[in-house]
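# Summary of structural features
What follows is each chain in one-letter form.
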Amino acid sequence: MNISAWVRPNIRALKPYSCARDEFEGEAKAFLDANENPYNGPYNRYPDPRQRALKEKIARIKQVPAANILLGNGSDEPIDLVYRVFCEPGVDNVVGIAPSYGMYQVAADVNHVEYRSVPLDKDFGMHADALLAAADAHTKVMWVCSPNNPSGNLMDRDEIGKLLQEFQGMVVVDEAYIDFAAAPSWLNELDRHPNLIVLQTFSKAWGLASVRCGMAFASEEVLEYFNKVKYPYNINLLTQNFVSEQLDHLDRKDAWVKTLLAERARLEEKLSALPCVEKLFPTDANFILTRVHDANATYRYLVQQGIVTRNRNSVLLCEGCLRITVGTPEEDDLLIEALGRL
Ligand SMILES: *Cc1c(COP(=O)(O)O)cnc(C)c1O
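This section reports on the structure supplied with the text. As the structure is a prediction and not an experimental result, all values here were calculated from the model.

## Observations concerning unusual backbone geometry
Here the amide bond leading from Gly41 into Pro42 is cis, since omega sits at 0°, within 30 degrees of zero. Within the secondary structure layout, Pro42 lies in the loop between α3 (20-23) and α4 (52-62). Here the bond from Asn149 into Pro150 is cis, since omega is 15°, no more than 30 degrees from zero. Checked against the element boundaries, Pro150 lands in the loop between β4 (139-145) and α8 (157-166). The phi torsion at Asn35 lies on the positive side, around 60°, for a residue other than glycine.

What follows is the structure, given as structure tokens:
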């Protein structure tokens with residue numbers, strides 16, 4: 001596989017902005033290079049454009065070399081970077097599963113890149129052959145979300161493996177919910193697949209959605225292009241320091257995951273006993289896709305009760321479905337009681 005051949009010619013040739021802190025690394029007596037105000041430290045200084053200290057910590061936790069990590073403003077930023085690096089607007093296309101996370105399509109539209117949706121089967125299973133059949137010479141990227149949003153299930157490992165083997169382009173595996181799944185991450189396979197990009201985030205299991213910090217993991221070759229295209233100071237100092245401090249509490253994240261998985265089981269049991277609930281789809285994430293008697297009416301009723309769920313009624317294969325996030329036991333009891341009154 002020749003990854004660089006798939007990169008847009010203008011990005012391959014791009015000479016990136018060289019910031020002051022890129023040209024000089026290390027200790028100095030006086031920083032007079034970046035036109036910063038010398039007062040109001042440490043906020044007066046431009047932050048590390050490569051976020052080295054934070055990446056070293058993430059590298060230890062994820063057991064991945066820091067050189068294989070890119071940090072972004074949520075997962076949104078690496079999703080957009082995938083298009084900007086690999087997809088020529090108006091020429092190239094990408095293939096994704098349906099239903100799946102909406103940002104892949106929105107970012108495609110923003111970048112004027114055709115998004116080809118391939119429906120999952122009725123159990124939300126993915127078949128590599130169907131995705132490969134949708135591709136042509138201009139297909140640069142395949143999007144796989146596992147566990148998938150909104151269905152909640154993991155995509156079959158062998159099917160993802162087949163895509164990585166056979167597709168002559170990048171395969172992105174979005175693992176936003178991997179902490180909740182009893183399956184290994186694709187991070188362990190980075191060495192074996194030069195066309196693999198894994199996305200993870202601090203927004204879900206780590207409880208840091210407001211902080212906007214997402215991770216992309218890929219080969220150094222791929223990340224070199226991402227680093228050329230991203231805004232130089234895309235992660236500010238406050239975020240770098242705050243996320244770094246949060247990473248010292250891995251045990252707290254693990255405890256939340258354990259609590260949420262137990263609560264998910266309780267919620268599934270309670271929901272399945274309700275007359276208005278027709279089906280619960282199996283989930284490997286912190287939410288449950290639920291088919292109810294009348295999704296639109298149920299959604300509106302719950303809103304009136306002060307309970308917000310995600311109405312997926314108009315999404316392919318999700319007709320009649322609400323997506324319910326696992327909350328605290330108190331929040332979930334409000335939902336169960338409200339549905340019980342229907
Ligand atoms: C929630 C979610 C994310 C996280 O996005 P951020 O921009 O990191 O908050 C990414 N992918 C999927 C599929 C999600 O559901």
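Still more ground to cover, so stick around.
## A short note on the sheet that holds strand β8 (residues 277-280)
Sheets are built from strands paired through backbone hydrogen bonds, the pairs being either parallel or antiparallel. Across the sheet, which stays open at both edges, the four strands sit in the order β8-β9-β11-β10 with antiparallel pairing between neighbours. The strands lining the two open edges of the sheet, one partner per strand, are β8 and β10 (310-311). Here strand β9 (residues 287-292) runs beside strand β11 (residues 321-325); their pairing, made up of five bridges, is antiparallel. Among the inter-strand pairings, Leu289 is bridged to a residue of β11, identified as Arg323. Packed onto the sheet, helix α12 (residues 295-304) meets β9, β10 and β11 and runs at close to 35° relative to β11.

## Comments concerning the packing of aromatic side chains
In total, this model carries eight aromatic pairs according to the counting rule given. Note on Tyr104 and Trp143: the rings are 4.7 Å apart at their centroids and 10° apart in plane angle, and the pair reads as stacked. Residue Tyr104 is found in helix α6 (residues 103-110), and its partner Trp143 is found in strand β4; the two are separated by 39 residues along the sequence. The residues Tyr104 and Trp143 share a single accessibility class, namely buried. With a centroid separation of 5.1 Å and 70° between ring planes, the pair formed by Phe124 and Phe281 is classed as edge-to-face. With a gap of 157 residues between them, Phe124 in the loop between β3 (114-119) and α7 (128-134) and Phe281 in the loop between β8 and β9 connect regions that are remote in the sequence. Both residues of the pair, Phe124 and Phe281, belong to the buried class.

## Some points on the site of the ligand
The local shell around the ligand holds 14 residues, among which Tyr177, Thr201, Ser203, Lys204 and Arg212 are the closest. Interatomic distance of 3.4 Å between a backbone N/O atom of Asp76 and an oxygen atom of the ligand. Here an oxygen atom of the ligand sits 2.6 Å away from a polar atom, N or O, in the side chain of Arg212. Considered on its own, the ligand offers 390 Å² of accessible surface; in the complex 94% of this is hidden by protein. Across the shell around the ligand, the residue classes tally to five nonpolar, five polar and four charged.

Thresholds applied
Residues numbered from 1 in each chain as written. Predicted model: local features only at pLDDT ≥ 70, side-chain atom pairs only at ≥ 80, totals over all residues. Heavy atoms only, no water. Helix = DSSP H or I, 4+ residues; strand = E, 2+ residues; numbered from the N terminus. Pairing = 2+ DSSP bridges. Contact = heavy atoms within 4.5 Å. Axes fitted to C-alpha atoms, helices over the stretch in contact; angles between N-to-C directions. Phe/Tyr/Trp six-rings, centres within 6.5 Å; stacked < 30°, edge-to-face > 60°. Buried < 20%, exposed > 50% of the residue type's maximum accessible area, 1.4 Å probe, protein only. Near = heavy atom within 4 Å. Polar contact = N/O pair within 3.5 Å; in protein donor to acceptor, adjacent residues only side chain to side chain. Areas by Shrake-Rupley, 256 points an atom, 1.4 Å probe, with all protein chains shown as cover. Nonpolar A, V, L, I, M, F, W, Y, C, P; charged D, E, K, R; others polar.

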